[in-house]
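Now for the letters of each chain:
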Amino acid sequence: MRLVLHPALASSVFLLYSLIGSTKGFATFKWPDHQLAFVDRVLYEASRFGSLTPDCRSRTNTTVAAQWIRIAYHDMSTHDVTDGSGGLDASILFELNRPQNIGRGMRDSLNDINFFTSPYVGLADMIAMGAVLAVESCGGPIIPYRAGRIDAKVAGPATVPEPQQDLPTHIELFRRQGFNQAEMIALVACGHTLGGVRRDDFPEIVYASEFADFDGTLSKFDNTVVTEYLDDTTTNPLIKSANVTTQSDLRIFSSDQNVTMQSIASPEKFSQTCGTLFERMINTVPKEVKLTEPVDPIENKVWGVSLIPQNGSYALRVNLRRLSANPSRTVTLFWKEHHTQGSGSLCPPAGCVVNSTAPSSADVSSLGKSIGLKGFVNYRFNTEVPLSTSISRFWFSVDENDGSGPKIVDNGGSEYTEILHADFPPAVKLVVGVRTSDIDSSDTFKLSIESYLPGTSDFIPIIQTVDLQQDTQNPPADGYTFFTGIIKPGVTAIHINAVFGGKTFRQYIDENDYFYV
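Please read these numbers as outputs of a predicted model, since none were measured by experiment.

Undergrad: Whenever I open this one, the side chain of Asp33 confuses me. Can you help?
TA: Relative to the elements of secondary structure, Asp33 occurs in the loop between helix H1 (10-22) and helix H2 (34-44). For Asp33, a relative accessible area of 3% gives the class buried. A polar contact of 3.1 Å, which involves the side chain of Asp33, links it to the backbone nitrogen of Leu36.

Structure, rendered in structure tokens:
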């Protein structure tokens, strides 16, 4: 397996990398936006991450969803509305030994979430996405998701409310987080519609069983936690515990004479209120963090682009994912060369044409179905490109064949400027090919890789930089010289860094372009 960084296109690589930074704060997708592409995949495609909590999946007497919601709230609760510090920033990593964060569910949740992080979507963003998917998987409201959280490097203050604390303390802790008394009552009710209390974690609260549920519908996001409280049929251990000191839900729910609980007693009002409060919860971030606009499914998603030297030419592969199927639809790829040949342009003025293979379907996530997606359709393109011309850009024409005429899909007017890569390496040896015929022999040339490995026991990712050396096992071929280096097993993403002619260029390669997370 050989990865390729083509110096003739290095300026294009640099340009597109700079565009990624400029799109922050906007959810409009402009390829290649690794952040939004990753979020789209996790939220809307049938992904491995989403498969961890299908249909409100149970785990150790509770549900995965309840655990994911709990860790999101606990992580957010370090926020101080007065100075804008703290919030949902993954500082929970450094706070696990605090009594307020007791419970196996915290580490279980981090083990669930951590593997799916990337250089562009960190643990804080994944915790927030976990909460969105958790609520929906149990029948709760659809929560808009915004990306861009930044992972903290140190612990935040110990400000998670605890059951033994009195009401004034709870009111003050929620005020600090940005929630008034009525919002505190509703947020606790929303958080306790799933899950319960484990005896091993809180033996002073739960005596008679291993686990005590908050309400009678453990695996359903609904208003039962409210109605059972109001009609006094609840078995919520934070209301009915024999230990009066830990009856925190009772103190909170009754603190305004049940006005708030009565106002959210209907299924519709409960769902609406919880959706609003949970959206605020996951968007509570340090003041210096700027989140994107809500991320909707990408209408035209380009992925799996590769240009590989093979048998005297380039093998070009491109995929275009559309949001819906249409058996009558025709999708065509157009491309233009980077170098013209001596006799003139290889491609006609309209561009060289590549027809797609038969379209293939792809499943959507539970969240995707909830917002009305029926199924994705993928169009795949394969063609050969001469080594002498290479390729500078490509775009698509999409014709629904319904009389409306073809529409051009061109990356918002800037077209798709080709970035070179191949399938992500499953092994620890990485080989990168460079078209050395385009490099001045007097230029200093250096090639390195920066690899990303999700954290293991401490959940902190490992980032390693390795200088590449010329590969003696792969002799030069097709105008390329090959370089190699060793990366750690389990690496999920790399940046290739090339320095020549006094300039530095970077290219990102993510395994998730090929294997859904």
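Further notes follow.
Undergrad: Looking at this model, I keep getting lost on the packing of aromatic side chains. Mind explaining?
TA: Aromatic rings considered in pairs are described by the distance between their centres and by the relative angle of their planes. In this structure the tally under the stated criterion is 15 aromatic pairs. Between Phe49 and Trp68 the ring centres are 4.9 Å apart and the planes differ by 5°, which places this aromatic pair in the stacked class. Here Phe49 is found in the loop between H2 and strand E2 (58-59), whereas its partner Trp68 is found in helix H3 (residues 64-76), with 19 residues between them in sequence. Taking 5.3 Å as the distance between ring centres and 70° as the angle between the ring planes, the aromatic pair formed by Tyr229 and Phe253 counts as edge-to-face. Pair noted here: Tyr229 is in helix H8 (residues 224-230) and Phe253 is in helix H10 (residues 248-253), with a separation of 24 residues, a long-range link. A single burial state applies to Tyr229 and to Phe253, both of which are buried. Through a chain of ring-to-ring contacts, three or more aromatic side chains come together here, namely Trp31, Phe381, Phe394, Phe396 and Tyr416.

Undergrad: How do you make sense of the environment of Val64 when you look at a structure like this?
TA: Position of Val64 relative to the elements: it lies in helix H3. Here Val64 falls in the buried class, since its relative accessible area comes to 1%. Separated by 155 residues in the primary sequence, Val64 and Ser219 have C-alpha atoms spaced 9.7 Å apart.

Undergrad: Would you mind going over the sheet that holds strand E11 (residues 376-386) with me for this structure?
TA: Within a sheet, each strand pairs with its neighbour through backbone hydrogen bonds, oriented either parallel or antiparallel. Pairing in this open sheet of four strands is antiparallel, and the strands run E6-E7-E11-E10 from one edge to the other. Bordering the open sheet on either side are strand E6 (300-310) and strand E10 (360-362), each of which pairs with just one other strand. The sheet shows a mean angle of 25° between the axes of neighbouring strands, direction not considered.

Undergrad: Mind showing me how you'd approach the layout of surface pockets here?
TA: In this approach, a probe sized like a water molecule rolls over the atoms, and the result shows the empty space that is left. By volume, the largest pocket amounts to about 850 Å³. Lining the largest pocket are 41 residues; nearest its centre among them are Arg70, His74, His192, Phe214 and Leu238. Secondary-structure elements contributing two or more residues to the lining of the largest pocket are H3, helix H4 (104-114), helix H6 (167-177), helix H7 (181-191), strand E4 (196-198), H10 and helix H12 (267-282). The element best represented in the lining of the largest pocket is H3, accounting for six residues. Here the lining of the largest pocket is composed, by residue class, of 21 nonpolar, 14 polar and six charged. Quantified by volume, the second largest pocket comes out at close to 450 Å³. In this structure, the second largest pocket is lined by 25 residues; those nearest its centre are Gly122, Leu123, Asp151, Lys153 and Pro461. Of the residues contributing to the lining of the second largest pocket, the split by class is 14 nonpolar, six polar and five charged.

Undergrad: What's the story with the nonpolar core in this structure? I'm lost.
TA: Where a protein is soluble and globular, its nonpolar side chains tend to be buried together. Formed by 106 residues in total, the largest nonpolar core has its most connected members in Phe394 and Phe396. Here this core takes 11 residues from helix H5 (residues 123-137), the largest share from any one element. Within the second largest apolar cluster, 15 residues are counted, among which are Val434, Leu447, Val466 and Val491.

Undergrad: How do you make sense of the state of the cysteines when you look at a structure like this?
TA: Note on terminology: disulfide describes a covalent bond linking the sulfur atoms of two cysteines. Following the criterion strictly, the structure yields three disulfides and no others. Here Cys56 is linked by a disulfide to Cys138, with a sulfur-sulfur distance of 1.9 Å. Between Cys56 and Cys138 the sulfur-sulfur dihedral comes to about 85°; the bridge is accordingly right-handed. On the criterion of sequence distance, the pair formed by Cys56 in the loop between H2 and E2 and Cys138 in the loop between H5 and H6 is long-range, its members being 82 residues apart. As far as burial versus exposure is concerned, Cys56 and Cys138 are alike and both buried.

Criteria and thresholds
- Residues numbered from 1 in each chain as written.
- Predicted model: local features only at pLDDT ≥ 70, side-chain atom pairs only at ≥ 80, totals over all residues.
- Heavy atoms only, no water.
- Helix = DSSP H or I, 4+ residues; strand = E, 2+ residues; numbered from the N terminus.
- Buried < 20%, exposed > 50% of the residue type's maximum accessible area, 1.4 Å probe, protein only.
- Polar contact = N/O pair within 3.5 Å; in protein donor to acceptor, adjacent residues only side chain to side chain.
- Phe/Tyr/Trp six-rings, centres within 6.5 Å; stacked < 30°, edge-to-face > 60°.
- Pairing = 2+ DSSP bridges.
- Axes fitted to C-alpha atoms, helices over the stretch in contact; angles between N-to-C directions.
- 1 Å grid on protein atoms, 1.4 Å probe; cavity = no way out; pocket = protein on both sides within 12 Å on 5 of 7 lines; lining within 4 Å.
- Points joined across faces, edges and corners; volume = space filled by probe spheres on them.
- Nonpolar A, V, L, I, M, F, W, Y, C, P; charged D, E, K, R; others polar.
- Core = buried A, V, L, I, M, F, W, Y, C linked by side-chain atoms within 4.5 Å.
- Disulfide = S-S within 2.5 Å.

Nothing here speaks to function; it is all geometry.
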